[in-house]
Amino acid sequence: MNRKSAVLFASGFLGCAALVACVGLLSDGSATAANASPVKALEEQEVYYPGTEDLAPNEMRIVACGTGMPNSRPKQAAACFLVELGNGDKFIFDIGSGSAERLSAMKIPYDYLDKVFIGHLHSDHFGALADLWIGGVIGNRIKPLRVWGPSGHKPEFGTAYAMEHMQKVFTWDSGSRQGNVDIRGQVLEVTEFDYKGINQVIYQENGVTIRSIPAIHALDGPVSFILEWKDLKFAFSSDTYPNKWWIKYAAGADIAIHECFITPRLLVEKQKWTPGASLNVGTQVHTSPAQFGKVMSLTKPRMAVAYHFFNDFDTLPEQLAQVRQTYDGPLSMATDYMVWNVTKDDIRVRMAVIDEDIWPQPAVGEKLPPDRSTRIGFSDFTLSGREPFPEVVKKIYDEINAEYGTDYKVPTD
Ligand SMILES: [Zn+2]
Ligand SMILES: [Zn+2]
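These figures come from a predicted structure and were not determined experimentally.

Let's shift gears to the sheet that holds strand β15 (residues 347-351). Taking strand neighbours across the sheet as the criterion, the eight strands line up as β6-β5-β4-β3-β2-β1-β14-β15 in an open arrangement whose pairing is mixed. The outermost strands of the open sheet, each flanked by one partner alone, are β6 (188-193) and β15. Taken pair by pair, the neighbouring strands of this sheet meet at an average axis angle of 20°, ignoring direction. Examined bridge by bridge, strand β3 (residues 90-93) and strand β4 (residues 115-117) share two bridges and lie parallel to one another. Bridge pairing in β4 places F93 opposite F117. Against the sheet, helix α5 (residues 129-138) engages β3, β4, β5 (145-150) and β6, with an angle of about 165° to β5.

Below is the structure:
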């Protein structure tokens, strides 16, 4: 047996009570233990399959549901981190473009995905909010969606204004669902807080405290968040230039997630920007990898997480080398579906493996049938174009009523 096959043998037969027994199972003369395939599942999968693991009472699980840039791409959605706590609470920090599908892949009922904290109002940090808001209603959420976000230097730059107008944008969408589905989940509860608050408590329920600190990014208004629960501290920058508030209040976090923008050189080479724009955006509007490293050297978290860059085979080496110029501590270079299980004793980093054929989970309470009396309905003009195919539709109603013991009649209005 050469060295390679010995290693395969040892790992493949984990779980066999004794080597002799394994060999015995296969000793029919046609195969030897050394070259046969194992038939037992591995005890350790080294990946996270959503919906298959309990969270311990003192454990925090964080899933990267968006780690990319404002440009949409299949591999990485824009900023979004899901935090799940052992007490059952779940929080979404930023919900950038494309991230709603990642959230759905976690197989969590939408009623539990009801708390969203927005660091600032760039589309790559809240562009998928409408998808969660509306898709959540269709996906069986029967509770209001709660949103927290900062004020701006003028009212129209604040979260309340954005939410009011998001609802206006979707006036037709909301109206179309009225009387056709259970729309209790359409209610949006918005809490706008002062972006200048320094370590101000913006949420305190069920043993969980979330504070905001100012961030420096593009315009006044952005904030970063710090969540504390039991003895664990989670810090999330959203977007920010390196700043004193983060260094003071995120210090010593168990897990510190901070933007680490693509290097200026890669912005020129890959993004096709001018050197001037790359330097400005890459080091003045955002935090470059070397600046990120400096921030983490001062923050000293148990785990530093870098995000907000396209994490590819040809970008990661340069990003990492730049971070390592200024930081030599624990580090995750995040990409979508990276998962951190955090306890006081351990931080485990894995990748999630997801099921793409995803459907929504059931509601946590009883869903109501549509109240057709609340429908806005059609004009006579549109109604005049309907072809009702009564013989086809009656059969569909009959089959559903027979299967589910109901007695729904084909509407005549
Ligand atoms: Zn931004
Ligand atoms: Zn951003």
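The next subject is the environment of Q322. Along the polypeptide, Q322 turns up in helix α12 (residues 316-324). Note on Q322: relative accessible area 26%, which makes it partly exposed. Remark: the alpha-carbon pair of Q322 and K143, spanning 179 residues in sequence, is separated by 45 Å. For Q322, the contacting residues outside a window of four places in its chain are T263, P289 and A290.

Turning to a nonpolar patch on the surface, a few remarks are in order. A contiguous nonpolar patch, built from F389, V392, I396, I400 and Y404 and spanning about 510 Å² of accessible area, is present on the exposed surface. In this structure, I400 sits in helix α14 (residues 390-404). I400 gets classed as partly exposed once you look at its relative accessible area, which sits at 41%.

Our focus in this paragraph is the packing of α5 against helix α6 (residues 159-169). Helix-helix packing is characterised by the crossing angle of the two axes and by the distance between the axes. The N-to-C vectors of α5 and α6 enclose an angle of 55°; their axes lie 12 Å apart at closest approach. Overall, the two elements α5 and α6 adopt an arrangement that is oblique. Here α5 and α6 pass one another in a crossing that is right-handed. Facing L129, A130 and W133 of α5, the residues of α6 in contact are M163, M166 and Q167.

A word on the coordination of the zinc ion (ligand 2). The protein atoms donating to the zinc ion (ligand 2) are D124 (OD), H125 (NE2), D239 (OD) and H308 (NE2), with metal-donor distances spanning 2.0 to 2.3 Å. Given four donor atoms and angles of 85 to 157° at the metal, the environment of the zinc ion (ligand 2) is assigned as irregular. Donor residues binding the zinc ion (ligand 2) come from one chain and are separated in sequence as D-H-x113-D-x68-H. For H308, a relative accessible area of 0% gives the class buried.

This part covers the side chain of S237. As for its position among the elements, S237 is in the loop between β10 (232-236) and α8 (244-249). Overall, the relative accessible area of 0% leaves S237 in the buried class. Among the polar contacts listed, one links the side chain of S237 to the backbone nitrogen of E259, at a separation of 2.9 Å. Excluding its chain neighbours within four sequence positions, the residues that come into contact with S237 are V223, S224, W246, I257, H258, E259 and Y307.

Turning next to the packing of aromatic side chains. This structure, assessed with the given rule, holds 16 aromatic pairs. Summarising the aromatic geometry, the rings of F81 and W340 are spaced 6.4 Å apart at their centres and angled 45° between planes, so their arrangement reads as tilted. Taken together, the residues F81 in strand β2 (residues 80-85) and W340 in strand β14 (residues 338-342) connect sequence positions 259 residues apart. With relative accessibility at 0%, the residue F81 sits in the buried group. Geometrically, the ring pair formed by F91 and F117 is tilted, given 6.2 Å between the ring centres and 55° between the ring planes. In this pair, F91 is assigned in strand β3 and F117 in strand β4, connecting sequence segments 26 residues apart. The exposure class of F91 is buried, given its relative accessible area of 0%. Grouped by ring-pair contacts, the aromatic residues F81, F91, F93, F117, W148, F193, Y203, F225, F234, F236, Y307 and W340 constitute a single cluster. Above the face of the F310 ring, R73 is positioned so that its terminal group lies 3.8 Å from the ring centre.

Rules of the game
Residues numbered from 1 in each chain as written. Chains lettered and ligands numbered in written order. Predicted model: local features only at pLDDT ≥ 70, side-chain atom pairs only at ≥ 80, totals over all residues. Heavy atoms only, no water. Pairing = 2+ DSSP bridges. Helix = DSSP H or I, 4+ residues; strand = E, 2+ residues; numbered from the N terminus. Axes fitted to C-alpha atoms, helices over the stretch in contact; angles between N-to-C directions. Contact = heavy atoms within 4.5 Å. Buried < 20%, exposed > 50% of the residue type's maximum accessible area, 1.4 Å probe, protein only. Patch = residues over 30% accessible without salt bridge, like charges linked within 9 Å, V, L, I, M, F, W, Y side chains within 5 Å. Areas by Shrake-Rupley, 256 points an atom, 1.4 Å probe, with all protein chains shown as cover. Salt bridge = Lys/Arg side-chain N within 4 Å of Asp/Glu carboxyl O. Parallel < 35°, antiparallel > 145°, perpendicular 65-115°, else oblique. Left-handed = near helix turned anticlockwise from the far one by under 90°. Donors = N, O, S within 2.8 Å, 3.2 Å for Na, K, Ca; no water. Tetrahedral: all angles 85-135°; square planar, octahedral: opposite > 155°, others 65-115°. Polar contact = N/O pair within 3.5 Å; in protein donor to acceptor, adjacent residues only side chain to side chain. Phe/Tyr/Trp six-rings, centres within 6.5 Å; stacked < 30°, edge-to-face > 60°. Lys NZ or Arg CZ within 6 Å of the ring centre and 35° of its normal.

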